[in-house]
Amino acid sequence: MPFINSKVNVALSEEEKELIKDKLGQAISLIQGKSESWLMVGFEDNYSLYFKGKNNTKLAFIEVKIFGHASDRDLDHLTAEISRIFKEVLGIAQDKIYIKYEEAEHWGWNGANF
Amino acid sequence: MPFINSKVNVALSEEEKELIKDKLGQAISLIQGKSESWLMVGFEDNYSLYFKGKNNTKLAFIEVKIFGHASDRDLDHLTAEISRIFKEVLGIAQDKIYIKYEEAEHWGWNGANF
Amino acid sequence: MPFINSKVNVALSEEEKELIKDKLGQAISLIQGKSESWLMVGFEDNYSLYFKGKNNTKLAFIEVKIFGHASDRDLDHLTAEISRIFKEVLGIAQDKIYIKYEEAEHWGWNGANF
């Protein structure tokens, strides 16, 4: 039950979305018990973002929402991998990417909460 | 002080938004102490979403943010009702809908925090 | 490592975004240890919002996400200031603005978590 949502200030082609989605689907397995078979992915491109007061470079704000908890170690690995993906596919410098995690206690699917 | 935000990968007409908003305004009363008189509702349609690696079906990611806490039982009822609403109005299959809850400790309105 | 995201149901000009971004960059210093040098700011304008069942007035839903914790007192000051900014620049009544806070335990930047 993870959800990864990306706000980026560049335009994304369908091909880029597909590629990033595939790579995130692999990366999510770095968290114990999670896999692409429960992953939802969202994209918001051409998003209006500023970092350190400026918007003259490529930026990304990525939110990873999971049901329950993950270990610090797994989240460290996931941050490294997500940063690598956005650098590789979109050319966003890793120091222009924030990745924020949320561990949710209540999460519904198919009409009921887990 | 709840906020319900819906990301859906279909287009929403004004009539559909009005209808869903009205139904969510009723549903929020399933949480003790909450009512439409404090509810804010947001919609993001035509959202780029993938679930299980695919985007070839109707999908929804719905976030319910509340100030303070709610009982598990109330949230179970709310998940059932929200899922029913999105199935009924938009034809989104209930197993293609995620509903994530966030219980916030700090929430501001009218220039001050509750 | 704060992120301030604003959903407003009015159109924002580039000048208004710049002005609000500058003012938020000052305001974030009201939280001990935070400054514009780590602040990311996002804007979603023309957002579909309803409050108390209506959408016939200017509305804003603002999320402040920070790494770690902040004191109640600092967050009180920040809510007052953010409300003032949106009232001043966009003419949104303070009782039509929600500001929700999230204190995150896990936050990545530059390929690693803090």
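See the structure printed just above.
Since the model is a prediction, treat every value here as computed from it, not as a measurement. (Residues numbered from 1 in each chain as written. Chains lettered and ligands numbered in written order. Predicted model: local features only at pLDDT ≥ 70, side-chain atom pairs only at ≥ 80, totals over all residues. Heavy atoms only, no water.)

K.L.:
Outline the sheet that holds strand β3 (residues 48–51) of chain C, listing residues and values.
P.N.:
Across the sheet, which stays open at both edges, the 7 strands sit in the order β7(A)-β6(A)-β5(B)-β4(B)-β1(B)-β2(B)-β3(C) with mixed pairing between neighbours. Of all strands in the sheet, those with a lone pairing partner are β7 (112–113) of chain A together with β3 of chain C, marking the two edges. Across 8 bridges, strand β4 (residues 60–67) of chain B lies against strand β5 (residues 97–104) of chain B in parallel orientation. Each bridged residue has a counterpart across the sheet, and for I62(B) the counterpart in β5(B) is I99(B). Along the sheet, helix α1 (residues 14–27) of chain B contacts β1 (3–8) and β2 (40–44) of chain B together with β3 of chain C; its crossing angle with β3(C), the most-contacted strand, is approximately 35 degrees. Helix α2 (residues 72–90) of chain B contacts β6 (107–109) and β7 of chain A together with β1, β4 and β5 of chain B of the sheet and is inclined by roughly 140 degrees relative to β5(B). (Pairing = 2+ DSSP bridges. Helix = DSSP H or I, 4+ residues; strand = E, 2+ residues; numbered from the N terminus. Contact = heavy atoms within 4.5 Å. Axes fitted to C-alpha atoms, helices over the stretch in contact; angles between N-to-C directions.)

K.L.:
Can you explain the relation of the copies chain C and chain A? Please cite residues and give values.
P.N.:
Between chain C and chain A, which share one sequence, the superposing operator has a rotation angle of 120 degrees and an axial displacement of 0.0 Å; the RMSD is 0.0 Å. Those values place the two copies in the arrangement expected of a three-fold rotation axis. Closest approach to the rotation axis within chain C is made by the C-alpha atom of E102(C), at a distance of 5.3 Å. An overlap of only 7% is found between the interface residues of chain C and their copies at the interface of chain A, pointing to separate contact surfaces. (Least-squares fit on C-alpha atoms with pLDDT ≥ 70 in both.)

K.L.:
Provide a residue-level description of the interface of chain C and chain A, including the pertinent values.
P.N.:
As a measure of interface size, the accessible area lost when the parts come together is often cited. Tallying the contact residues gives 28 residues for chain C and 29 residues for chain A. The contact between chain C and chain A buries some 2,400 Å² in all, and 52% of this surface belongs to carbon and sulfur atoms. On inspection of chain C and its partner chain A, the count reaches 2 salt bridges. For the pair chain C and chain A, the number of links is 20 residue pairs in polar contact (both at pLDDT 80 or more). Here the side of chain C that touches chain A takes 5 residues from strand β2 (residues 40–44) of chain C, the largest share from any one element. Across 3 bridges, the pairing between strand β5 (residues 97–104) of chain A and strand β6 (residues 107–109) of chain C is antiparallel. (Buried area = accessible area lost by both parts, 1.4 Å probe. Salt bridge = Lys/Arg side-chain N within 4 Å of Asp/Glu carboxyl O. Polar contact = N/O pair within 3.5 Å; in protein donor to acceptor, adjacent residues only side chain to side chain.)

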